[in-house]
Amino acid sequence: MRDPRYDILFEPVRIGPVTARNRFFQVPHCNGMGYRDPSAQAAMRGVKAEGGWAVVCTEQVEIHPTSDITPFIELRIWDDADLPALARICDAIHSQGALAGIELAHNGMNSPNLYSREVPLGPASLPVATWSHDPVQARAMTRADIADLRRWHADAVRRSLAAGYDLVYVYAAHGLGGLHHFLSRRYNDRGDEYGGSLRNRARLLSEILADTREIADGRAAVACRITVDEMLGEAGITRAETEELVGLLAEVPDLWDFVLGSWEDDSVTSRFAPEAAQEEHVRGLKRLTTKPVVGVGRFTSPDTMVRQVTSGVLDLIGAARPSIADPFLPRKIEEGRLEDIRECIGCNVCVSGDFTASPIRCTQNPAMGEEFRRGWHPERIRPRRSDARILVAGAGPAGLEAARALGQRGYRVTLAEASRELGGRVARESALPGLAAWRRVAEYREQQLRRMPNVEIYPQSPIDADDALAGGFTHVVVATGAAWRADGVGRWHTRPIPVGGPLPVLTPDDLMAGRRPAGPRVVVFDDDHYYLGGVLAELLAGEGCQVRLVTPAAHVSAWTANTLELVRIRRRIMRAGIAVDTNRTVTRLDGDGVVTACVFTGAEALVEADAVVMVTARLPRDRLAADVEAIASRRPGGPLRSVQVIGDAWAPGTIAAAVWSGRRCAEELDEPPSTAPVPFRREVAALSREWP
Ligand code: ADP
Ligand code: SF4
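Computed from a predicted structure; not experimentally measured.

Observations regarding the sheet that holds strand E25 (residues 604–608)
Spatially, the three strands line up as an open sheet ordered E23-E24-E25, and their pairing is antiparallel. Each edge of the open sheet carries a strand with a single partner, namely strand E23 (584–590) and E25. Between one strand axis and the next, the sheet turns by 30° as a mean value, whatever way the strands run. Pairing geometry for strand E24 (residues 593–598) and E25, over five bridges, is antiparallel. Across the sheet, the residue bridging to Gly593 is Glu608, located in E25.

This is the structure:
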């Protein structure tokens, strides 16, 4: 039963000619599937609709070959050939009773057009504004170009209606939509009627909104998505300008969607911003229009959502990440099952799918991106096929998810964990600066497991092979994780770093276990390149150490470019007074410190230090599996059918990969081994009929 406090979230909201069944609105979000994996995307969006979202949108949809943001893989609506894919997505959303939204985008100066080879278009002749600094400039659009753009957008609106969409977005936000470039003084220095005053800079947006309305003609709602503040002061769009803009166009769209700054500012990780961080920037805009307003804020708490509505900030609760982590968030609130909500941890692994042009994955929701490919569902899993009894050794993210999903299937599961606390690496890492939200990975799973009568949990129970065999289990799942190496082996050094003198070496495991360097001068050697090196440097600096971070990469925590965190991490590292040596490696240790070398010239320097922290690579902790197999082979005839190693014990990787591997183990238990060369469904581009 729903808590009446949340009734307001389930009120229908009229959006122009259509009505949202409640206030839950999945705003457009990228997913790395786009035009390459349309059925995978359709299934993913359909599951969101099934989970109760009233509106489910596509990601940005490129309207024309001059709007091609290759290597990113988004949807396209270039011509009628794109319609079957778009219609499949729309139908999947409709089939579950939600409204389908499409975010039409001309990416303007954000499109390097690497695939189409068209010349990029923008308000001014400036280098394209892409993450990859493509060596090409946009051409300043002429009046003829502007007329073309209006025509392309109008055609895209017609096609969106033909595909069945109920809500059509005009996208002018994030510095990604080309209309944003026209709005912003940062890019628009035109001297004609499309530049200068805000009214002029808004002219193209206003014309395209009017075109869209005219074509939609009551058959679909029109949404306008804008950046409320570019966070650049007078050099860019300010909140005051946004107020003027909303004043000008107040009643033109049927819905306003307000975002903050660039994508980096809008999808901030939990390390750098709390839930509802955008609220202060969006508050007050709603009173400038009678039209409904949607906005985001990594909303996972229904109380925060209610406050957005009752305090007049938003009408619709926008969500990308919370809808990825839990596609059934609205339904769980509606059914009073708050404890079942799989809260987003704000890690942005989902975002990395877009940046790496690979299907979206989520740390909390291993079914994300697998709905069509493997038939996984975030809430359901097929019942057990046997009376097998399963031992899961290790309760990190892999073991917890395996036990949870096996328990959900109805198997009898014993989960044994060596330490007192469940959670493995997430329990330890979540105690580090900025990573507290990561605990939710363990909390959600522990909460679910504790309610399963067929699952027994034994903390403080290190398992050896004899224990595993004595229990009479049918399957043993080894989820015992991995240990950080102290010998410096990683990407740069594939053999141990030479040691010329006694320098204390600490690993991340040591630091997380509370051990600390004896003296204040510490070198953190980060050859891992994800978050941990930077976080540990921050931890030690916060405790008063003089920290120098040495990394062979060009950036601190280089891979976090894929999670939109690179700049914020570097800023925090610099403000913490941490010295940084990028493009340098550690070549050897000696009694006085570490010898570092330039990765380009090899020029060496001694960094005096009292200790070095090696953040390089991990060794899988998989001995239990080999021991069990060895003993079992000497004692045939027992109940044991399989021993499987999962998660970091199989191959150290991300928490998301560990959770996924736990899910896969549970999905595939008792299934006949697949003989298919590709273990999942995929779509292959149809060959052109025109050949040669
Ligand atoms: P993953 O990311 O693959 O889940 P973790 O390192 O997070 O791996 O978790 C592994 C967990 O396994 C840790 O909590 C660790 O204490 C536990 N563990 C390691 N060896 C054993 C063992 N022999 N018996 C039970 N638990 C173990
Ligand atoms: Fe949230 Fe991380 Fe999942 Fe993205 S990957 S939805 S940030 S938990």
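That shown, we press on.
As for the nonpolar core
Of all hydrophobic cores here, the largest spans 76 residues; its most connected members are Leu9, Ile77, Leu86, Leu205, Ile226, Phe258 and Ile333. Element by element, the count of residues in this core is highest for helix H3 (residues 143–163), at eight residues. Residues Phe272, Ile390, Ala442 and Ala666 belong to the second largest nonpolar core, which totals 66 residues.

A word on the domain arrangement of the chain
Taken domain by domain, the chain consists of domain 1 (4–355), domain 2 (389–480 + 622–631 + 651–668) and domain 3 (484–619). Of note, the centres of domain 1 and domain 3, computed from C-alpha atoms alone, are 40 Å apart. Across the boundary between the two partners, domain 1 contributes 15 residues, which contact 14 residues of domain 3. Between domain 1 and domain 3 the total buried area reaches about 1,200 Å² when both faces are included, carbon and sulfur atoms providing 56% of it. Summed over the three residues of domain 1 that lose the most area to domain 3, namely Arg271, Phe272 and Phe355, the buried surface amounts to 53% of that side. Our count for the contact surface shared by domain 1 and domain 3 stands at two salt bridges.

Describing the environment of Pro636
Here Pro636 is to be found in the loop between helix H21 (623–634) and strand E28 (642–645). Given a relative accessible area of 70%, Pro636 falls into the exposed group. For the pair Pro636 and Met368, spaced 268 residues apart in the sequence, the C-alpha separation amounts to 40 Å.

With respect to the site of ligand 2
Taken together, Arg321, Ile324, Ala325, Cys344, Ile345, Gly346, Cys347, Asn348, Val349, Cys350, Cys362 and Thr363 are the residues near ligand 2. Looking at the shell around ligand 2, the elements with two or more residues in it are helix H11 (321–325) and helix H13 (349–355). Top contributing element to the shell around ligand 2 by residue count: H11, with three residues. Here the residues of the shell around ligand 2 are counted per class, giving eight nonpolar, three polar and one charged.

Some points on the side chain of Glu241
The topology assignment puts Glu241 in helix H7 (residues 239–249). In contact with Glu241, not counting residues within four places along its chain, are Arg185, Leu198, Arg201 and Gly236.

Points about the pairing of strand E13 (residues 316–319)
Residues Leu316 and Gly318 line one face of E13 and the alternating positions Ile317 and Ala319 line the opposite face, and both faces are buried. Direction of pairing for strand E3 (residues 24–26) relative to E13: parallel, over a ladder of three bridges. Pairing of Phe24 across the sheet is with Ile317, part of E13. In this sheet, E13 lies alongside strand E12 (residues 293–295) in parallel orientation, the contact comprising two bridges. The partner of Val294 across the bridge, within E13, is Leu316. In the classification by handedness, the crossover that spans E12, the intervening helix H10 (residues 302–310) and the parallel E13 is right-handed.

With respect to helix H19 (residues 532–542)
Along H19, ten of the eleven residues are buried, which leaves the element largely enclosed by surrounding structure. Those residues of H19 lying buried are Leu532, Gly533, Gly534, Val535, Leu536, Ala537, Glu538, Leu539, Leu540 and Ala541. Along its buried surface, H19 packs onto strand E18 (482–484), helix H18 (508–512), strand E20 (521–526), strand E21 (546–551), helix H20 (566–575) and strand E26 (611–615). Gly544 occupies a position one or two residues after H19 and carries a positive phi of about 100°.

Digging into the site of ligand 1
Lining the immediate environment of ligand 1, one finds 22 residues, of which Ala398, Glu417, Arg425, Ile463 and Asp648 sit closest. For ligand 1, an oxygen atom lies 2.7 Å from a polar atom in the backbone of Arg425. Between ligand 1 and Asp648, the relevant distance is 2.6 Å, taken from an oxygen atom to a side-chain nitrogen or oxygen of the residue. Burial of ligand 1 by the protein amounts to 90% of the accessible area it has alone, namely 580 Å².

Regarding the sheet that holds E26
Strand order in this open sheet of five strands is E19-E26-E20-E21-E22, and the pairing throughout is parallel. A single partner strand is all that each edge strand has here, and the edge strands are strand E19 (505–506) and strand E22 (579–582).

A closer look at the packing of aromatic side chains
Applying the stated criterion across every chain yields a total of 13 aromatic pairs. Measuring from ring centre to ring centre gives 5.7 Å for Phe72 and Trp131, while their planes differ by 45°; the resulting arrangement is tilted. Here Phe72, found in the loop between strand E4 (55–62) and strand E5 (75–76), pairs with Trp131, found in the loop between strand E7 (121–122) and strand E8 (139–140); they are 59 residues apart in sequence, far enough to count as distant. Classification of Trp131 by relative accessible area gives partly exposed; the value is 32%. Ring geometry for Trp263 against Phe355: centres 5.6 Å apart, planes inclined by 20°, an arrangement best described as stacked. Residue Trp263 is located in helix H8 (residues 263–266), and its partner Phe355 is located in helix H13; the two are separated by 92 residues in the primary sequence. Classification of Trp263 by relative accessible area gives buried; the value is 12%. Between the NZ or CZ atom of Arg76 and the centre of the ring of Tyr115, over which it lies, the distance is 4.9 Å.

Scoring rules and cut-offs
Residues numbered from 1 in each chain as written. Chains lettered and ligands numbered in written order. Predicted model: local features only at pLDDT ≥ 70, side-chain atom pairs only at ≥ 80, totals over all residues. Heavy atoms only, no water. Pairing = 2+ DSSP bridges. Helix = DSSP H or I, 4+ residues; strand = E, 2+ residues; numbered from the N terminus. Axes fitted to C-alpha atoms, helices over the stretch in contact; angles between N-to-C directions. Core = buried A, V, L, I, M, F, W, Y, C linked by side-chain atoms within 4.5 Å. Buried < 20%, exposed > 50% of the residue type's maximum accessible area, 1.4 Å probe, protein only. Domains from an automatic or database assignment. Contact = heavy atoms within 4.5 Å. Buried area = accessible area lost by both parts, 1.4 Å probe. Salt bridge = Lys/Arg side-chain N within 4 Å of Asp/Glu carboxyl O. Near = heavy atom within 4 Å. Nonpolar A, V, L, I, M, F, W, Y, C, P; charged D, E, K, R; others polar. Right-handed = clockwise from strand over helix to strand, strands pointing away. Polar contact = N/O pair within 3.5 Å; in protein donor to acceptor, adjacent residues only side chain to side chain. Areas by Shrake-Rupley, 256 points an atom, 1.4 Å probe, with all protein chains shown as cover. Phe/Tyr/Trp six-rings, centres within 6.5 Å; stacked < 30°, edge-to-face > 60°. Lys NZ or Arg CZ within 6 Å of the ring centre and 35° of its normal.

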